[in-house]
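The chain contents come next:
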Amino acid sequence: MRPLRSSHGWLLQPLRKPRPLHPARACAPSRFESIDALRGVAMVWMTLFHLAFDLGFMGYWKQDFLTDPLWTLQRTCIVGLFLWCGGLGQAMAKNQQQGRRRFARRWAQIAGCALLVTAASWAVFPDSFIYFGVLHGLAVMLLLAHATAGARPAVLWTAGTVALALPALGAWALGGPLHEWAKIFNAPLLNWTGLVTQKPFTEDYVPLLPWMGIVWWAMAAGQWLLAHRRQWLEKPVAPWLQPLAVLGRWSLVYYMLHQPVLLGALWMLGAATGHSMN
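Keep in mind that this is a model prediction, so the values were computed, not measured.

## Notes on the overall build of the protein
Regarding its fold elements, the protein presents 11 helices and 2 strands. Counting from the amino terminus, the protein carries its helices and strands in the arrangement β-β-α-α-α-α-α-α-α-α-α-α-α. Looking at the protein as a whole, 40% of its 278 residues qualify as buried. Taking the contacts inside the protein whose residues are at least 6 apart along the sequence as the reference set, 76% of them involve residues at least 24 apart.

Structure below.
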């Protein structure tokens, strides 16, 4: 609009009604340290687990990682915590109205790293390489989470519960009335869904079901926290937890680097001490 002319010279332009700021954009931080620190806890726990696994793989400390509850339960908790943080993050992103471009960029990074994991695991474990591990599963789950981010908490809680229950129902159906379909669903083409009667032989397996249920539950919990306990999320973490928050912010980079570093260090230790992997 053109400025008005008066006897006192050029006046200011007529005032316009200021645009209201979305509350999430006006006061919320771009990241929540509490969630980053929680993700950092998952990273540290994962590192200790993988160190134990690598010690067994290199022949230093033999353990039964396939059937021993000490290890199988830990793996379930680590994956669950990691995906819970992913679901919380999607709730925060929706609240802050993050755009599609930012989501697409982050998704492409995760999907690209998943392909690198497949290639690396093929080289090390050709008979049990990873074709649908945690990053592969996360990439698919994030697409569903992004598509359902606007759903109400009640819908997300219900969807999560159904997702958690479906694998057991599917195993019953494929082992009984639909047994003709079992071979199809157990094959790599469909076993990523989690509707199987036997788990595939692979170094890492994080199917869509039941794990998508954890993501949906976390999204519902995140919506509740934002609506009723936002201060819990926005409160800075204690100084001694800051390293975990930093680790959580760089979780993808750390995830991709920690195993090569661990295996490289153990290989150099073995070379220096003359240790045999047998």
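## Some points on the packing of aromatic side chains
Centre-to-centre distance and the angle between the planes together describe a pair of aromatic rings. Inspection of every chain in the model, using the stated rule, returns 10 aromatic pairs. With a centroid separation of 4.8 Å and an interplanar angle of 40°, the aromatic rings of Phe65 and Trp71 are classed as tilted. Each member of the pair Phe65 and Trp71 is classed as buried. Following the ring pairs from residue to residue traces out a cluster consisting of Phe49, Phe53, Trp61, Phe65 and Trp71.

## With respect to helix 5 (residues 134-147)
With 14 residues, helix 5 should cover 20 Å at 1.5 Å per step; its first-to-last C-alpha distance of 20 Å lies within 8% of that length. Those residues of helix 5 lying buried are Val134, Leu135, His136, Gly137, Leu138, Ala139, Met141, Leu142 and Ala145. Against the buried residues of helix 5 lie helix 3 (69-95), helix 4 (100-124), helix 8 (208-228) and helix 11 (251-273).

## Thoughts on the nonpolar core
One finds Leu83, Leu135 and Met141 to be the most contacted residues of the largest nonpolar core, which totals 40 residues. Counting only elements with at least two residues in this core, the list comes to helix 2 (33-57), helix 3, helix 4, helix 5, helix 6 (153-174), helix 8 and helix 11. Among the elements that make up this core, the one with the highest residue count is helix 8 (9 residues). Setting aside residues up to four positions removed in sequence, Leu83 forms contacts with Leu138, Met141, Val206, Trp211, Ile214 and Val215. Counting residues in each nonpolar core, the second largest holds 9 residues, with Ile35, Leu88, Ala91 and Leu225 among its members.

## Concerning unusual backbone geometry
The omega torsion across Leu209 and Pro210 is 10°, close enough to zero to call that bond cis. Inspection of the secondary structure assignment puts Pro210 in helix 8. Of note, Gln97 is a non-glycine position whose phi angle comes to about 55°, a positive value.

## A word on helix 4
For helix 4, built from 25 residues, the straight-helix expectation of 36 Å at 1.5 Å per residue is met to within 8% by its first-to-last C-alpha distance of 36 Å. Those residues of helix 4 that fall on the buried side of the exposure criterion are Phe103, Ile110, Ala111, Cys113, Ala114, Val117, Thr118 and Ser121.

## Things to note about the pattern of salt bridges
Throughout the structure, instances matching the rule amount to 5 salt bridges. In this structure, the salt-bridge partner of Asp36 is Arg249, at a minimum N-O distance of 3.9 Å. One end of the pair, Asp36, is in helix 2; the other, Arg249, is in helix 10 (residues 242-249), with 213 residues separating them in the sequence. Between Glu234 and Arg230 there is a salt bridge whose closest N-O contact spans 2.7 Å. Residue Glu234 and its partner Arg230 are both found in helix 9 (residues 230-234); the two are separated by 4 residues, about one turn of the helix. Look at Glu234 and you get partly exposed, because its relative accessible area is 30%. Relative accessible area serves as the criterion here: at 18%, Arg230 is assigned to the buried category.

## Some remarks on the confidence of the model for the protein
Mean pLDDT for the protein: 89, with 89% of residues reaching 70 or above. Scored below 50 in pLDDT, residues 1-28 makes 24 contacts in the model with residues more than four places away or belonging to other chains.

## Quick word on the side chain of Arg230
A distance of 3.1 Å separates the side chain of Arg230 from the side chain of Asn95, its partner in a polar contact. In terms of polar contacts, Arg230 uses its side chain to reach the side chain of Glu234, at 2.7 Å.

## Let's talk about a nonpolar patch on the surface
There is a patch of nonpolar side chains on the surface, built from Val246, Trp250, Val253, Leu257 and Val261 and spanning about 500 Å² of accessible area. Here the nonpolar patch takes 3 residues from helix 11, the largest share from any one element.

## Quick word on the packing of helix 3 against helix 8
Between helix 3 and helix 8, the shortest axis-to-axis distance is 7 Å and the interhelical angle comes to 45°. The pairing of helix 3 with helix 8 is recorded here as oblique in orientation. Remark: the crossing between helix 3 and helix 8 carries right-handed chirality. Residues Thr76, Val79, Gly80, Leu83, Trp84, Gly87, Leu88, Gln90, Ala91, Met92 and Asn95 of helix 3 touch helix 8, and the partners they reach there are Trp211, Ile214, Val215, Trp217, Ala218, Met219, Ala221, Gly222, Gln223 and Leu226. For the contact of helix 3 with helix 8, the residue count by class is 14 nonpolar, 7 polar and no charged.

Calculation rules
- Numbering of residues starts from 1 in every chain and runs along the sequence as written.
- For this predicted model, a pLDDT threshold of at least 70 governs which residues receive local features, and a threshold of 80 or more governs which side-chain atom pairs are given and counted, while totals over whole chains, interfaces and linings are taken from all residues.
- Each side-chain value is worked out from all heavy atoms of the structure, with water and hydrogens disregarded.
- Labels follow the DSSP assignment, with helices taken as runs of H or I lasting at least four residues and strands as runs of E lasting at least two, numbered in each case from the N terminus.
- Under the scheme applied here, a residue whose accessible area is under 20% of the maximum for its type counts as buried, over 50% as exposed, and between as partly exposed, the area being computed with a 1.4 Å probe on protein chains only.
- The contact definition used throughout considers only heavy atoms, calling two residues in contact when any of these lie within 4.5 Å.
- Pairing of aromatic side chains here covers Phe, Tyr and the six-membered ring of Trp, requires ring centres within 6.5 Å, and sorts the geometry by plane angle: under 30 degrees stacked, over 60 edge-to-face, intermediate tilted.
- In a helix, the anticipated span is given by 1.5 Å times the number of residues less one.
- By nonpolar core is meant a set of buried Ala, Val, Leu, Ile, Met, Phe, Trp, Tyr and Cys residues that side-chain atoms within 4.5 Å join together.
- In the sections that follow, a salt bridge refers to a side-chain nitrogen of Lys or Arg positioned within 4 Å of a carboxyl oxygen of Asp or Glu.
- Values of pLDDT, the confidence the predictor places in each residue, fall between 0 and 100.
- Here a polar contact means two N or O atoms within 3.5 Å. Within protein one must be a hydrogen donor candidate and the other an acceptor candidate, and residues neighboring in sequence count only if both atoms are side-chain atoms.
- Put simply, a patch holds well-exposed residues, over 30% relative accessible area, that have no salt bridge, with like charges counted together within 9 Å and Val, Leu, Ile, Met, Phe, Trp or Tyr side chains within 5 Å.
- In these tables, accessible area is a Shrake-Rupley quantity obtained with a 1.4 Å probe, and a residue counts as shielded only by the protein chains included in the view.
- Helix axes are fitted to C-alpha atoms over the stretch in contact, other axes to C-alpha atoms as well, and angles between N-to-C directions run from 0 to 180 degrees.
- When describing relative orientation, an angle under 35 degrees is termed roughly parallel and one over 145 degrees roughly antiparallel, while 65 to 115 degrees is termed roughly perpendicular and anything else oblique.
- Two helices that cross are described as forming a left-handed crossing if the nearer one is turned anticlockwise from the farther one by less than a right angle, and a right-handed crossing if clockwise.
- Charged means Asp, Glu, Lys or Arg here, nonpolar means Ala, Val, Leu, Ile, Met, Phe, Trp, Tyr, Cys or Pro, and polar covers whatever is left, Gly included.

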